[in-house]
Amino acid sequence: GAGVSQSPSNKVTEKGKDVELRCDPISGHTALYWYRQSLGQGLEFLIYFQGNSAPDKSGLPSDRFSAERTGGSVSTLTIQRTQQEDSAVYLCASSLRSRGTGELFFGEGSRLTVL
Amino acid sequence: KQEVTQIPAALSVPEGENLVLNCSFTDSAIYNLQWFRQDPGKGLTSLLLIQSSQREQTSGRLNASLDKSSGRSTLYIAASQPGDSATYLCAPQGANNLFFGTGTRLTVIP
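Rules and cut-offs
Residues numbered from 1 in each chain as written. Chains lettered and ligands numbered in written order. Predicted model: local features only at pLDDT ≥ 70, side-chain atom pairs only at ≥ 80, totals over all residues. Heavy atoms only, no water. Contact = heavy atoms within 4.5 Å. Buried area = accessible area lost by both parts, 1.4 Å probe. Polar contact = N/O pair within 3.5 Å; in protein donor to acceptor, adjacent residues only side chain to side chain. Helix = DSSP H or I, 4+ residues; strand = E, 2+ residues; numbered from the N terminus. Nonpolar A, V, L, I, M, F, W, Y, C, P; charged D, E, K, R; others polar. Pairing = 2+ DSSP bridges. Phe/Tyr/Trp six-rings, centres within 6.5 Å; stacked < 30°, edge-to-face > 60°. Buried < 20%, exposed > 50% of the residue type's maximum accessible area, 1.4 Å probe, protein only. Axes fitted to C-alpha atoms, helices over the stretch in contact; angles between N-to-C directions. 1 Å grid on protein atoms, 1.4 Å probe; cavity = no way out; pocket = protein on both sides within 12 Å on 5 of 7 lines; lining within 4 Å. Points joined across faces, edges and corners; volume = space filled by probe spheres on them.

Enquirer: Describe the interface of chain A and chain B, naming the residues involved and giving the relevant values.
Expert: Opposite the 20 residues of chain A that make contact, chain B presents 22 residues. Approximately 1700 Å² of surface area, both sides summed, lies buried where chain A meets chain B, with 48% of it carried by carbon and sulfur atoms. For the interface between chain A and chain B, the tally reads 4 residue pairs in polar contact (both at pLDDT 80 or more). Put simply, the parts of the chain that give the side of chain A that touches chain B at least two residues each are strand E4 (31-37), strand E5 (43-50) and strand E10 (104-106) of chain A. When its residues are assigned to classes, the side of chain A that touches chain B shows 8 nonpolar, 7 polar and 5 charged.

What follows is the structure in structure tokens.
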């Protein structure tokens, strides 16, 4: 596609429910990144994919968070048993190259609100 | 861990002024550095990418410089316009991801 596409753009859920956030990267981009931006905070790295594998999961805050990528394209970030502190904007980015040599392009984000 | 600091945190200038945004980072072992702008409620828009071997990069009214050894980058905006109002983020890139500070919130007053 023309840009990084994320869905849903907004999600309101109740505490304890599971949510799935989707990212469709720019066609041909092999690297995909998930970040989280809490209100008034900087962007927090969550996970990085190169193709379908995730060499770096170091940013996932707990085992309630998981992500997968299939076909070297679409990625899904899943949050199980959501908590209020999970409320944030979840941003996805993709890059043509891996290992720090490529320009990252971001989507518009998915705003998650946990009541 | 890479720490990124941007000064000032907020800046308000009259239209037409030239301005400089500052970024410092603690780990000079970076691959490149990217500048973004973020409008309220929106994602990040890439402005400039400077490779670690480069000293500066220009795009229109924007000029970014990089002094990797001292851990500093600056973004120069010439002849500022109200449409430049946004939060500006610098992000040095390590092996697997970008590191972000909290940005500089710029307001250009007509």
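Enquirer: Break down the pairing of strand E7 (residues 62-67) of chain B for me, with residues and values.
Expert: Residue and element names in this part refer to chain B. Where strand E6 (residues 56-59) and E7 come together, 4 bridges link them in antiparallel fashion. Across the sheet, the residue bridging to threonine 58 is asparagine 63, located in E7. Hairpin connection, E6 to E7: the antiparallel pair is bridged by 2 residues, and glycine 60 has positive phi, about 60°. Taken together, the 6 bridges between E7 and strand E8 (residues 72-77) define a ladder with antiparallel strand orientation. Among the inter-strand pairings, leucine 66 is bridged to a residue of E8, identified as serine 73. In this structure, the hairpin formed by E7 and E8 is closed by a connection of 4 residues, where glycine 71 is found at a positive phi of approximately 70°.

Enquirer: Kindly report on the packing of aromatic side chains, identifying the contributing residues and their values.
Expert: Applying the stated criterion to the full structure yields 7 aromatic pairs over all chains. Taking 5.7 Å as the distance between ring centres and 70° as the angle between the ring planes, the aromatic pair formed by tyrosine 35 of chain A and phenylalanine 45 of chain A counts as edge-to-face. Of this pair, tyrosine 35 of chain A sits in strand E4 while phenylalanine 45 of chain A sits in strand E5, and the two are 10 residues apart along the sequence. Across the pair, exposure class does not vary: tyrosine 35 of chain A and phenylalanine 45 of chain A are buried alike. Arranged with centres 5.8 Å apart and planes meeting at 40°, the rings of phenylalanine 36 of chain B and phenylalanine 100 of chain B form a pair that is tilted. Of the two residues, phenylalanine 36 of chain B sits in strand E4 (residues 32-38) while phenylalanine 100 of chain B sits in the loop between strand E9 (86-93) and strand E10 (104-109), which places them 64 residues apart along the sequence. By the ring-pair criterion, three or more aromatic residues cluster together here, those being Tyr35, Phe45 and Phe106 of chain A together with Phe36 and Phe100 of chain B.

Enquirer: Go over the sheet that holds strand E8 (residues 75-79) of chain A, please, and point to the residues and values.
Expert: Residue and element names in this part refer to chain A. The 4 strands are arranged E1-E3-E8-E7 in an open sheet whose pairing can be described as antiparallel. Looking at strand neighbours, the two that pair on one side only are strand E1 (5-7) and strand E7 (65-69), the edges of this open sheet. For this sheet the average axis-to-axis angle between neighbouring strands, irrespective of direction, equals 15°.

Enquirer: Describe in detail unusual backbone geometry, supporting the description with residues and values.
Expert: The step from serine 7 of chain A to proline 8 of chain A runs through a cis peptide bond, and the omega angle for that step is -10°. Note on placement: proline 8 of chain A falls in the loop between E1 and strand E2 (10-13). Cis geometry marks the peptide bond from isoleucine 7 of chain B to proline 8 of chain B, where omega comes out at 0°. Structurally, proline 8 of chain B can be placed in the loop between strand E1 (4-7) and strand E2 (10-14). Here the phi dihedral of arginine 81 of chain A falls at roughly 45°; this positive angle occurs in a residue that is not glycine. Looking at the secondary structure, you find arginine 81 of chain A in the loop between E8 and strand E9 (88-95).

Enquirer: Tell me about the layout of surface pockets, and please be specific about residues and values.
Expert: The space that makes up the largest pocket amounts to roughly 730 Å³. Residue lining of the largest pocket: 34 residues in total, with Gln37 and Gly40 of chain A together with Gln38, Pro40 and Gly41 of chain B positioned closest to the centre. At the level of elements, E9 and strand E11 (110-114) of chain A together with E9 and E10 of chain B are the ones that each hand at least two residues to the lining of the largest pocket. The biggest single contributor to the lining of the largest pocket is E10 of chain B, with 4 residues. Of the residues in the lining of the largest pocket, the class split is 9 nonpolar, 20 polar and 5 charged. Reported here for the second largest pocket is a volume of approximately 270 Å³. What lines the second largest pocket is a set of 15 residues, and nearest its centre among them are Leu43, Glu44 and Phe45 of chain A together with Lys1 and Phe99 of chain B.

Enquirer: Describe the pairing of E9 of chain B, naming the residues involved and giving the relevant values.
Expert: Residue and element names in this part refer to chain B. With 8 of 8 residues buried, E9 lies mostly within the body of the structure. Summarising the sheet, E4 and E9 pair through 7 bridges and their orientation is antiparallel. Paired with glutamine 38 across the strands is threonine 87, a residue of E9. As defined by bridge partners, E9 adjoins E10 across 3 bridges and the pair is classed as antiparallel. Following the sheet pairing, alanine 86 is matched in E10 by leucine 106.

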